[in-house]
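# Inside the fold
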Amino acid sequence: MSAPETIETQAGKLDFRDGAPTEETAQKVYDALDFTNALNVYNNSFRGASALAIAKGMDEIGAKAGDIVIFSELMDANSLFLTANADTVYYFTALDLSKGPVVIEQPSNAVGTINDMWFSWVIDIGGPGPDRGLGGKYLIVGPDYDGPLPEGGYFVARAKTNFALYAARAYMVDNDPKPAVENIKRTMKIYPYEPGSFGSSIAQALEGKVRIAGEPKIPEMKFIEASDRAFNTIPPSDFGFFELINENVQNQPATSYDVELAGQLAAIGIVHGKKFAPDERMKKILTEAAAVGQATGRALNWRFAMKHPDWAYYEGSHWGNMLFEGGAFFETPPPLFEKGMFKPLPPTGARTLDSRTAFYYGYTLDSPGMIMRIPGVGSQYLMGFLASDGQPFDGAKTYKVTLPKDVPAAAFWSFTLYDNQTRSMLQTPQKYPRAGSQSYPSPATEAASDGTTTVYFGPAQPKGVARGNWIQTDPKKGWFTILRLYSPLPSFFDKSWRPSEIELVK
């Protein structure tokens, strides 16, 4: 088709002379193209910036690779961490795979995952992993290692980046975090793998594939207490975002990222092994793209129904979860679970880009164990961003939600409130902005005589409402919430159990 002499577009007025764009038109097109690529980088690569921000946050409090950051008194609202909870004992570490494989002696009674520096899944650990919560030895192998590996004795997984993130949580015992913390500190070990040691037989050595070696010296583990400490793990939403992404690109192998996404990065000047030096024009475009990217993440979370009404978990509800659209890998919904067996759904062949963008803007790490339809295992999440009237929550007002009797959580359940701006736990005098069935670190909720449980959200404790049934808000801040169901039961999956919408009280 021929090009018109003039056409009005979102990029402005475009002029052509016998089909050839004017210099001004070409510049408008290039500006639009650079902005589009930059916006795609923000939305598609936010996960990489977030992964590096977590590593930097751990470094900020003195934790190097192999050191364990642990929240012995649970995580509170002091730290900036995307949608963490105050229900479980978190412990994190970074794995440096650049010098060879790393062994993790995994504690029992844990739930967690290992991701690479693009938040691509490497392997699950603990309950959803191959050790099934009993503990065991994991061997994490980096992208450049081509040496011998053991014949057995380890759960082996390969990462595409030279750095990886280990994140796990342990459940309290009788509302007390101490037993979990003691178990972690007593049993968790991280150390370099020694080829030819445990896992390698003499027969393997006789084949000339590996040198017989003694057992590696296990270093004394360094645990860094993070409860009550303030540190930041959230990427910036300005030009600094692109500087952070560039740092990740330079740190990791060029082949560690999907070639299409790497192409988007290259289109705005971020290339492995090359200096990132945008001129003033490009800096302006990148800054604007970061602003629109941030707005995209917020729109897809707070106002998802405008574009994705299918993200609502219940018909006509504001409770949602974007992960059910494309599963943990943002392509095919999670398998059905019938008569004790999973029934995978046919691949869609299409990446659910919006659900991926929404997820990584507000949440961290990825794992198949996070989104599975299996009763009694793992946890499930319902996100609430809007009240029953369709308006965002006002911290100066009081709201309530009612859970019908028989909450479908065999282990425990909770609500946590988050600051709209930081997507981290809301900071108020309560310190732990939560309510739920556990009695630590705040009192457990109390059910009514009919078995229902009503939780209030507001700046002041409503008269006649038990302390455990109230989460404090800040009159100067907006908030959202996540309902977590640990070891969810069938009534959650078949939707026969449904919480009320969150309603304005006053």
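To keep things clear, this report deals only with the structure shown in the data block. (Residues numbered from 1 in each chain as written. Predicted model: local features only at pLDDT ≥ 70, side-chain atom pairs only at ≥ 80, totals over all residues. Heavy atoms only, no water.)

## Focus on the overall build of the protein chain
For the protein chain, the helix and strand inventory stands at 9 helices and 24 strands. In summary, the protein chain has a C-alpha radius of gyration of 25 Å against a globular reference of 23 Å for 506 residues, a match within 12%. Residue burial in the protein chain is summarised as follows: out of 506 residues, 53% are buried. Long-range contacts, defined here as pairs at least 24 residues apart, represent 71% of the contacts in the protein chain between residues at least 6 apart. Total accessible area on the protein chain stands at roughly 22200 Å², and carbon and sulfur atoms take up 54% of it. Side chains of the protein chain carry 48 positive and 56 negative charges; the gap between the two charge centres is 3 Å. (Helix = DSSP H or I, 4+ residues; strand = E, 2+ residues; numbered from the N terminus. Rg over C-alpha atoms; globule rule 2.2 N^0.38 Å. Buried < 20%, exposed > 50% of the residue type's maximum accessible area, 1.4 Å probe, protein only. Contact = heavy atoms within 4.5 Å. Areas by Shrake-Rupley, 256 points an atom, 1.4 Å probe, with all protein chains shown as cover. Lys, Arg positive; Asp, Glu negative; His and termini not counted. Charge placed at Lys NZ, Arg CZ, Asp CG, Glu CD.)

## Focus on the pairing of strand β8 (residues 121-126)
In terms of burial, β8 is largely enclosed, as 5 of its 6 residues are buried. In this structure, the hairpin formed by strand β7 (residues 111-116) and β8 is closed by a connection of 4 residues, where F119 is found at a positive phi of approximately 60 degrees. (Pairing = 2+ DSSP bridges.)

## Some thoughts on the packing of helix α1 (residues 23-60) against helix α8 (residues 353-362)
Taken N-terminus to C-terminus, the directions of α1 and α8 make an angle of 50 degrees; their axes are 9 Å apart at the nearest point. What the angle tells us is that α1 and α8 run oblique. As for how α1 packs across α8, the hand of that crossing is left-handed. Within the contact between the two elements, α1 uses Y42, N43, N44, F46 and R47 and α8 uses L353, R356, T357, Y360 and Y361. Tallied by class, the residues present in the contact of α1 with α8 amount to 5 nonpolar, 3 polar and 2 charged. (Axes fitted to C-alpha atoms, helices over the stretch in contact; angles between N-to-C directions. Parallel < 35°, antiparallel > 145°, perpendicular 65-115°, else oblique. Left-handed = near helix turned anticlockwise from the far one by under 90°. Nonpolar A, V, L, I, M, F, W, Y, C, P; charged D, E, K, R; others polar.)

## Notes on the packing of α1 against helix α5 (residues 259-267)
Where α1 meets α5, the axes come as close as 9 Å, and the angle between the chain directions of the two elements is 130 degrees. Our classification of the angle between α1 and α5 gives oblique. You can see that α1 and α5 cross each other, and the crossing is left-handed. The segment α1 lies against α5, with D34, N37, N40, V41, N44, S45 and R47 engaging L261, Q264, L265 and A267. Of the residues that constitute the contact of α1 with α5, the class distribution is 4 nonpolar, 5 polar and 2 charged.

## Comments concerning the nonpolar core
Generally speaking, nonpolar side chains in soluble globular proteins are found buried as a group. One finds Y91, L95, I114, F242, F415 and F457 to be the most contacted residues of the largest nonpolar core, which totals 129 residues. Looking at this core element by element, the count peaks at 11 residues for α1. If we ignore the near neighbours within four places in the chain, the residues touching F415 are W319, V401, L403, P433, R434, A435, V455, F457, I471, T481, I482 and L483. In this structure, V103, V141, Y154 and Y191 belong to the second largest nonpolar core, which totals 7 residues. (Core = buried A, V, L, I, M, F, W, Y, C linked by side-chain atoms within 4.5 Å.)

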